[in-house]
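Listed below, chain by chain, are the residues.
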Amino acid sequence: MLSQVKSRAYDVQRLEEVRHRVAAKAIADTSERIAVAFHNRDKWFRRDVAVSLSRLRRAICTEPEHEERQVLWVALAETIRLVSNSRTSTVKLHAYSPADIARRVLDAHGTFMRVLGEHIDQLRDQAAVLHDGLAHNPKLTIACDVRDARSVPRLNDRISDVLMTSPPYGDNITTVTYGQHSYLPLQWMDAADVPGLTSELLQATRSIDTASLGGRLKGCLSKADGLCARSEAFRSCFEKMQSRDRNAQARLTAFSADLDQSLDGILARLRGEAWMFWTLGERRISGITVPTVSIVRDLLAFRGARHIETLERKIPASSKRMALRNASVETMNTESVLVMRGPVGSTTQIPRARLEL
């Protein structure tokens, strides 16, 4: 949903009108009924906050335009991050103490209006950039699809010239818990407006992370031999893991196997010798650094891809959008961009205006 919102050139004047209309509806709503129900809701939201969020949710749901509702949900998501009882210093759900919760001064409605105003300002700049791009290439289209990279459907024609992607550092559960971070905001949204959202993904705080790459460990060690045959870097790391417990071995293998499984579908969508840019970070498992860059390079080379260059960059602390405390990702201050050329493949002449992200 975030990608869809960031790919559109919105009429900002209309968004300002929507902003004021939603505010008026929420203020006029005097109902004390809380609009959503989920496990531990009262742990994560003070009642006054939940009532205010409910009024905002009902106001958003009355807006007729799907694309404009998505803008509103994005602003509500940030509002929820700021007014929930979960600390903002970590991406994991971690509640404030009862005393802290009681003395916090919170205004969910005011926070939403401020966040939405800032968001509309960003969308104004975004619209200018997109309009400029479309002026140079009026045939350009942007499509955002939700797919599982491990089961991307094969295509008869290879449609992409360039792949730019940034896979997770490792399984979300023990690196950056993106799913857990999204759990509370998603509970308040209309699922029909969020592509790919199902009730199964919201059953528990870890459901999304479990469904993500490397999230399921059961039976994964049976895949280790195949990975060792395809990647010398994986084999070397897996041997080092023999001195650690089976959970460490399983975490390495499960994530690597899921990432490996995604490569066939990804390469099937690329034209022959397409450029690939993989932004990768390396994490540690039980004190051992996982050579993710070398593993991905090996797995791609096994499929006929060619290595061009590996670029290293240090991530400036001022630009890193990550919680202040995340002890499991201390190695993530640097990243590598692995530049590869895809294997020789189809040369079907088709429009060259698609970029896979």
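These numbers come from a predicted model, not from an experiment.

> Describe the overall build of the chain, and please don't skip the residues or the numbers.
Assigned secondary structure in the chain consists of 13 helices and seven strands. Over its C-alpha atoms the chain spans a radius of gyration of 23 Å, differing by no more than 12% from the 21 Å that the globule rule assigns to 357 residues. Taking the principal axes of its C-alpha atoms as reference, the chain extends roughly 65 × 55 × 35 Å. Taken over 357 residues, the chain has a buried fraction of 48%. A separation of at least 24 residues holds for 79% of the contacts in the chain among residues at least 6 apart in sequence. Only carbon and sulfur atoms are counted for the fraction: they give 52% of the accessible area of the chain, which is about 18,300 Å². Between the mean site of the 52 positive side-chain charges and the mean site of the 42 negative ones, the chain shows a separation of 4 Å.

> So what's going on with the side chain of Asp-171? Which residues, and what values?
Structurally, Asp-171 can be placed in the loop between β1 (160-165) and α8 (178-188). A distance of 3.2 Å separates the side chain of Asp-171 from the side chain of Arg-283, its partner in a polar contact. Residues within four places of Asp-171 in sequence aside, it is in contact with Leu-213, Gly-214, Gly-215, Arg-251, Phe-255 and Arg-283.

> I'd like a description of the packing of aromatic side chains, backed by residues and values.
The way to describe two aromatic rings as a pair is by their centre distance and the angle between their planes. Taken as a whole, this structure holds five aromatic pairs when the rule is applied. Relative to Tyr-183, the ring of Phe-38 has its centre 6.2 Å away and its plane inclined at 90 degrees; by these criteria the two rings are edge-to-face. Note that Phe-38 is positioned in the loop between α2 (12-28) and α3 (41-44) and Tyr-183 in helix α8, a separation of 145 residues in sequence. Here Phe-38 matches Tyr-183 in class, with each residue buried.

> Can you explain helix α5 (residues 66-83)? Please cite residues and give values.
An α-helical segment advances 3.6 residues per turn. Residues three or four places apart therefore align on the same side. Spanning 18 residues, α5 covers 25 Å between terminal C-alpha atoms, matching the ideal 26 Å at 1.5 Å per step. For α5, a buried count of 13 out of 18 residues is recorded, marking the element as mostly surrounded by other parts of the structure.

Rules and cut-offs
- Residues numbered from 1 in each chain as written.
- Predicted model: local features only at pLDDT ≥ 70, side-chain atom pairs only at ≥ 80, totals over all residues.
- Heavy atoms only, no water.
- Helix = DSSP H or I, 4+ residues; strand = E, 2+ residues; numbered from the N terminus.
- Rg over C-alpha atoms; globule rule 2.2 N^0.38 Å.
- Buried < 20%, exposed > 50% of the residue type's maximum accessible area, 1.4 Å probe, protein only.
- Contact = heavy atoms within 4.5 Å.
- Areas by Shrake-Rupley, 256 points an atom, 1.4 Å probe, with all protein chains shown as cover.
- Lys, Arg positive; Asp, Glu negative; His and termini not counted.
- Charge placed at Lys NZ, Arg CZ, Asp CG, Glu CD.
- Polar contact = N/O pair within 3.5 Å; in protein donor to acceptor, adjacent residues only side chain to side chain.
- Phe/Tyr/Trp six-rings, centres within 6.5 Å; stacked < 30°, edge-to-face > 60°.
- Expected span 1.5 Å × (residues − 1).

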